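# Structure assessment
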Amino acid sequence: MTVSDDLRRVIEANARLWAGEAEVFRTYWTWSGRTRETDRQWLAYQCYKEVWSVVSGDPADGLFMGTLRQLERMFPKIDADIDRHEVLDVAEGLWAEFAHYCAFADAYDAMGRPGEPKMNPRMVKGTGWKADEELGALRHSHRKQYGALGERACKFTEGGYCTLFSEGMKLAANPAGHDGRDGIIAEACAKVYDDEFGHMLKGIVGLDREGLTREDWALFERITQEQLRSRILMRNDQFGKPLSERRIREIFAGEVTPIAFDYAQARLAA
Ligand SMILES: [Fe+2]
Ligand SMILES: [Fe+2]
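Residues numbered from 1 in each chain as written. Chains lettered and ligands numbered in written order. Predicted model: local features only at pLDDT ≥ 70, side-chain atom pairs only at ≥ 80, totals over all residues. Heavy atoms only, no water.

Coordination of the iron ion (ligand 2) by the protein comes from Glu-97 (OE), Glu-158 (OE), Glu-196 (OE), Glu-196 (OE) and His-199 (ND1), over a distance range of 1.9 to 2.4 Å. The motif formed by the donor residues of the iron ion (ligand 2), counted along the single chain, is E-x60-E-x37-E-x2-H. Separating the iron ion (ligand 2) and the iron ion (ligand 1) is a distance of 3.7 Å, and Glu-97 donates to both of them. In this pair, Glu-196 and His-199 are both assigned in helix H8 (residues 181-204), 3 residues apart and thus about one turn of the helix distant. Across the pair, His-199 and Glu-196 agree in class, each one buried. (Donors = N, O, S within 2.8 Å, 3.2 Å for Na, K, Ca; no water. Helix = DSSP H or I, 4+ residues; strand = E, 2+ residues; numbered from the N terminus. Buried < 20%, exposed > 50% of the residue type's maximum accessible area, 1.4 Å probe, protein only.)

If you want it as structure tokens, here you go:
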């Protein structure tokens, strides 16, 4: 698949924001405020995201139940109104996101001390995480306002170019670090990385064939950037604010080295 100038422009416009999200994790890994407790805290937030936070669908259902209900609605229409591969795709999404929950819940449990509670979805349901709810609400409004283009934007920004997982995987260089927690995190992140890269690709594949107008592309660029800014706030919150407000303002102003988008991995000929 070749990449159009329009798509390339959107990717380049977002590359600094992806780098900003990566900076949250890189800063956190060696941050003085990092403890076993803060590690368990961000992992609990991540577990919440995998089961309850939504990229599409009704926020009230959460990801797991929302997808189950969607599959239930689809079932009688398979190969009539809905292509079977579309259904398989939704089922794969549920499988993958639940696998991510398992990976992070396992990491959470592995860092627990005897007598400390183990992870379960109910435990994190009432997380009441404002920064993540704001991202969810923004995505929801984009889908409502802009339909298919909004939906695509949500897919495009899903996982934030996988920077949590790619930065987390780098901790494998010293698995014994932070009393072995670096190795535990690296292992969980490695399990998730490929899936999430694939989920982002779903926002990209076919985008060039949709005959988007100049205005559509401009809109797509604007709303993906809005979502990615919101993602940085969500991530910084998740990790206990390793980045200062000032640093975030600088990132939003573009004062950050952009991520080098891997066109080969995305199967986009450069
Ligand atoms: Fe996930
Ligand atoms: Fe995903």
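So much for the structure itself; the text now carries on.
Now for helix H4 (residues 84-110). For H4, spanning 27 residues, the distance from its first C-alpha to its last is 39 Å, which sits close to the expected 39 Å at 1.5 Å a residue. Measuring from the backbone nitrogen of His-85 back to the side-chain oxygen at the start of H4 gives 2.8 Å, which picks out Asp-83 as the cap. (Expected span 1.5 Å × (residues − 1). Polar contact = N/O pair within 3.5 Å; in protein donor to acceptor, adjacent residues only side chain to side chain.)

Bringing the coordination of the iron ion (ligand 1) into the picture now. Each protein donor to the iron ion (ligand 1) is listed here as Glu-50 (OE), Glu-97 (OE), His-100 (ND1) and Glu-196 (OE); together their distances run 2.0 to 2.3 Å. As a motif over one chain, the donors of the iron ion (ligand 1) read E-x46-E-x2-H-x95-E. Among the residues examined, His-100 registers a relative accessible area of 1% and is labelled buried. For Glu-196, a relative accessible area of 5% corresponds to the buried category.

Turning our eyes to something else, we now look at the side chain of Arg-152. Counting through the fold element by element, Arg-152 comes out in helix H6 (residues 130-157). On the basis of relative accessible area, Arg-152 is assigned to the buried category, the value being 14%. Other than its neighbours up to four places away in sequence, Arg-152 contacts Lys-202, Gly-203, Ile-204, Val-205, Gly-206, Leu-207, Glu-210 and Phe-220. (Contact = heavy atoms within 4.5 Å.)

On to the environment of Thr-224, then. Within the secondary structure, Thr-224 is located in helix H9 (residues 214-238). Among the residues examined, Thr-224 registers a relative accessible area of 0% and is labelled buried. Excluding anything up to four places from it in sequence, Thr-224 contacts Val-10, Asn-14, Ala-153, Phe-156 and Thr-157. A polar contact is formed between the side chain of Thr-224 and the backbone oxygen of Glu-221, at a distance of 3.1 Å.

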